[in-house]
Amino acid sequence: MYARLSRWLGLGPQLTESQRQRLDAWRGLPQLPLKLAGSRCVVVDVETSGLNLSKDRLISIGAVAVLNGKIDLGDSFYVVLQQQTASDRQNILVHGIGGGAQTAGVPAADALLSFLEYLRRDPLIAFHVEFDKTMIRRAIAGYLGFSFDHSWLDLAYLMPALNPGVRCRSLDDWASRFSIANESRHNALADAQVTAQLFQVAMVQAGEKRIADLAGLYDLEKAQRWVDSVG
């Protein structure tokens, strides 16, 4: 509520000196080359209080790193952002984060700073990027006071581009096609791990097409978006 009121009054979020220093340190990190070989990519998923991009709240972030094509489970991230009021019962039944866990979560500004520190300047990967991207950007704008302009790659478009003629639409569809198991659906970290395995498939397929950098994957995604828009 305070972050929302501050935005209305044009005050912006009130960060502590320590929080400002953490944010400045992250913003000063260098942008890394976008080579696939040797690169660290961060695959992310979120859970929210609902599906309304303008009104619902970010509840949790789960992420896992893919380093040089391999998932590093030791390099993973999960946080529940502290909520003033818990989401409704139907929403809790979806993601399984109870009311007590929500109200006892990590204060939002610190949770988001921890996510940025984990991410560094590495590219973000997600399935249906616009939802995750919008929810994270809204939260960062509200609690940290800046526009989170970062590189994202959307597997929802990349996978059809790499697998023309395959009729899969959802993350579950693609996971089933490549025999990727997910025993904790709608847990942000578990879904990020499934998406990371799908990204591994995409990297192998991209290699077979002699695509050696993320720029080539971004080009494929862009082309698929255009195909879908005119299809």
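Refer to the structure presented above.
Residues numbered from 1 in each chain as written. Predicted model: local features only at pLDDT ≥ 70, side-chain atom pairs only at ≥ 80, totals over all residues. Heavy atoms only, no water.

Observations concerning the packing of aromatic side chains
Working definition: an aromatic ring pair is given by the centre-to-centre distance plus the angle between the planes. Applying the stated criterion across every chain yields a total of five aromatic pairs. Measuring from centroid to centroid gives 6.1 Å for Trp26 and Phe148, while their planes differ by 40 degrees, and the two rings are tilted. On the criterion of sequence distance, the pair formed by Trp26 in helix α2 (residues 17-27) and Phe148 in the loop between α6 (129-143) and β5 (152-154) is long-range, its members being 122 residues apart. With relative accessibility at 5%, the residue Trp26 sits in the buried group. For Phe148, a relative accessible area of 1% gives the class buried. Centre to centre, the rings of Trp174 and Phe178 are 6.2 Å apart; their planes meet at 10 degrees, and the pair counts as stacked. Taken together, the ring pairs connect Trp26, Phe146 and Phe148 into an aromatic cluster. (Phe/Tyr/Trp six-rings, centres within 6.5 Å; stacked < 30°, edge-to-face > 60°. Helix = DSSP H or I, 4+ residues; strand = E, 2+ residues; numbered from the N terminus. Buried < 20%, exposed > 50% of the residue type's maximum accessible area, 1.4 Å probe, protein only.)

Focus on the sheet that holds strand β4 (residues 124-126)
Across the sheet, five strands lie side by side as β3-β2-β1-β4-β5; this open sheet has mixed pairing. At either end of the open sheet lies a strand with only one pairing partner, and these are β3 (70-80) and β5. Averaged over all pairs of adjacent strands, the angle between strand axes in this sheet comes to 25 degrees, irrespective of strand direction. When strand β1 (residues 40-48) meets strand β2 (residues 58-67), the two strands line up antiparallel, connected through nine bridges. When the bridges of β2 are listed, Thr48 appears paired with Leu58. Across the sheet, α6 lies against β1, β2, β4 and β5, angled at about 80 degrees from β1, the strand it touches most. (Pairing = 2+ DSSP bridges. Axes fitted to C-alpha atoms, helices over the stretch in contact; angles between N-to-C directions. Contact = heavy atoms within 4.5 Å.)

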